[in-house]
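Next come the chains, spelled out residue by residue.
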Amino acid sequence: MRYGAFARWYDAENEHHAMLREDVPFFLGQLPARKQRILELGAGTGRCAIPMALSRHQVVGVDHDPRMIAIALRRREAAGLDASRLDLRTGDFLKLRLSQRFDWVVAFFNTFLAFTTLSQQDAALQVARRHLKPAGRLWLDLAPPNLVLLSHARWRELDPTVFYVPALGTSVVKTTDIDRGRAGQVEHVTYRFRWCDAHGQTHMRKMSFDMTFIFPRELQMLLERNGFELEYLWGNYDGSAVTQESPRLIARCRKCR
């Protein structure tokens, strides 16, 4: 999805998620001691790509939103990294053709769920496979289906959060609406933002996008049909197995020959 003008809010908007302090350390703990070449799909503002590069791995990060990549480039410079350590690019994942092969292809924080059709999911996995070395690894980190949310077709004003936006000089209230289509596994998500300026005037903005949801067995079949072997499927960043209460689906997969 494209954040567009909301890109400058992205990090503040999501900093309350504890998982965003746990996902990259868990991933880095899976890597061997030697330097790895990593391709990140959905690099956004560089939240994951920068610490991976600072851990002395060579990283290429791709995102289709140019405003997000612009932020990531500024953060890269502030971190003292250059393009040889962290190469950041704007591009369409489904059309990606780099003249490089990687040890790992990774997609954090529900990025893969933005591919809402089987054809898009197959295309994304084939992009990952094409860019991996023989026996390279794919890492997907997804939110599991929420059965409570799936029990209703419409939800309004979910997950209210408040975050400060320096560019506005004030705090913003965010709520989430979800509309689930009758056909397919697609949820239409709308973020609503509300704030007051220094003159007391109320402002409201919204952004909408579609996401899918994937069950564990469905994920395994999707991976296998695209030439991957599921090595591990964890339910959280402590390495625990998947249960009905697990907050995550974290898949580590090996490219089959």
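Everything below is about the structure shown above.
The structure presented is a predicted model; accordingly, all values stated were derived computationally and were not measured. (Residues numbered from 1 in each chain as written. Predicted model: local features only at pLDDT ≥ 70, side-chain atom pairs only at ≥ 80, totals over all residues. Heavy atoms only, no water.)

Asker: Could you give me a rundown of the pattern of salt bridges, with the residues and numbers involved?
Answerer: Under the criterion given, the structure shown has 13 salt bridges. Ionic pairing is found between Arg254 and Glu229, a salt bridge with its closest N-O pair at 2.5 Å. One end of the pair, Arg254, is in strand S11 (residues 249–255); the other, Glu229, is in strand S10 (residues 228–234), with 25 residues separating them in the sequence. Taking relative accessible area as the criterion, Arg254 reaches 24% and is therefore assigned partly exposed. Classification of Glu229 by relative accessible area gives partly exposed; the value is 35%. (Salt bridge = Lys/Arg side-chain N within 4 Å of Asp/Glu carboxyl O. Helix = DSSP H or I, 4+ residues; strand = E, 2+ residues; numbered from the N terminus. Buried < 20%, exposed > 50% of the residue type's maximum accessible area, 1.4 Å probe, protein only.)

Asker: Can you tell me about the environment of Ser99, naming the residues and giving the values?
Answerer: Position of Ser99 relative to the elements: it lies in the loop between strand S3 (86–90) and strand S4 (102–107). When the C-alpha atoms of Ser99 and Gln185 are compared, they prove to be 34 Å apart, with 86 residues separating the residues in sequence.

Asker: Quick rundown of the sheet that holds strand S6 (residues 154–165)? Include the residues and the values.
Answerer: Spatially, four strands are ordered S6-S7-S8-S9 in an open sheet, and the strand pairing comes out antiparallel. The sheet is open, and its two borders are formed by S6 and strand S9 (202–212), each paired with just one other strand. Sheet twist, expressed as the average angle between the axes of neighbouring strands with direction ignored, equals 20°. As paired elements, strand S7 (residues 170–180) and strand S8 (residues 186–196) share eight bridges and run antiparallel to each other. Bridge pairing in S8 places Thr176 opposite Tyr191. (Pairing = 2+ DSSP bridges. Axes fitted to C-alpha atoms, helices over the stretch in contact; angles between N-to-C directions.)

Asker: Run through the pairing of S8, naming residues and quoting values.
Answerer: Bridge analysis of S8 against S9 gives 11 bridges, and the strand direction is antiparallel. Looking across to S9, one finds that Val189 is bridged to Phe209. Hairpin connection of S8 to S9: five residues between the antiparallel strands, including Gly200 at a positive phi of 85°.

Asker: So what's going on with the pairing of S6? Which residues, and what values?
Answerer: The sheet contact formed by S6 and S7 spans eight bridges and is antiparallel. What sits directly across from Trp155, in S7, is Ile178. Here S6 folds back onto S7, and the loop between the two strands holds four residues, one of which, Gly169, carries a positive phi near 70°.

Asker: I'd love a proper account of the side chain of His131, names of residues and values included.
Answerer: By secondary structure assignment, the location of His131 is in the loop between helix H5 (118–130) and strand S5 (132–142). With residues near it in sequence (within four places) discarded, His131 still touches Leu39, Leu96, Arg97, Leu98, Gln100, Arg101 and Phe102. (Contact = heavy atoms within 4.5 Å.)

Asker: For the packing of aromatic side chains, give the residues involved together with the corresponding values.
Answerer: Scanning all chains against the criterion turns up 18 aromatic pairs. Geometrically, the ring pair formed by Tyr232 and Trp234 is stacked, given 5.1 Å between the ring centres and 10° between the ring planes. Accessibility expressed as a relative area gives 42% for Tyr232, which makes it partly exposed. Through a chain of ring-to-ring contacts, the aromatic side chains of Phe26, Phe27, Trp104, Phe108, Trp139, Tyr232, Trp234 and Tyr237 assemble into a single cluster. Note that Arg37 overlies the ring of Phe102, its terminal NZ or CZ placed 4.8 Å from the centroid. Taking the ring centre of Tyr191 as reference, the NZ or CZ of Lys174 above it sits at 3.8 Å. (Phe/Tyr/Trp six-rings, centres within 6.5 Å; stacked < 30°, edge-to-face > 60°. Lys NZ or Arg CZ within 6 Å of the ring centre and 35° of its normal.)

Asker: Kindly report on the state of the cysteines, identifying the contributing residues and their values.
Answerer: This structure, assessed with the given rule, holds zero disulfides. The thiol of Cys253 is unpaired, and the distance to the nearest cysteine sulfur, on Cys256, comes to 9.5 Å. (Disulfide = S-S within 2.5 Å.)

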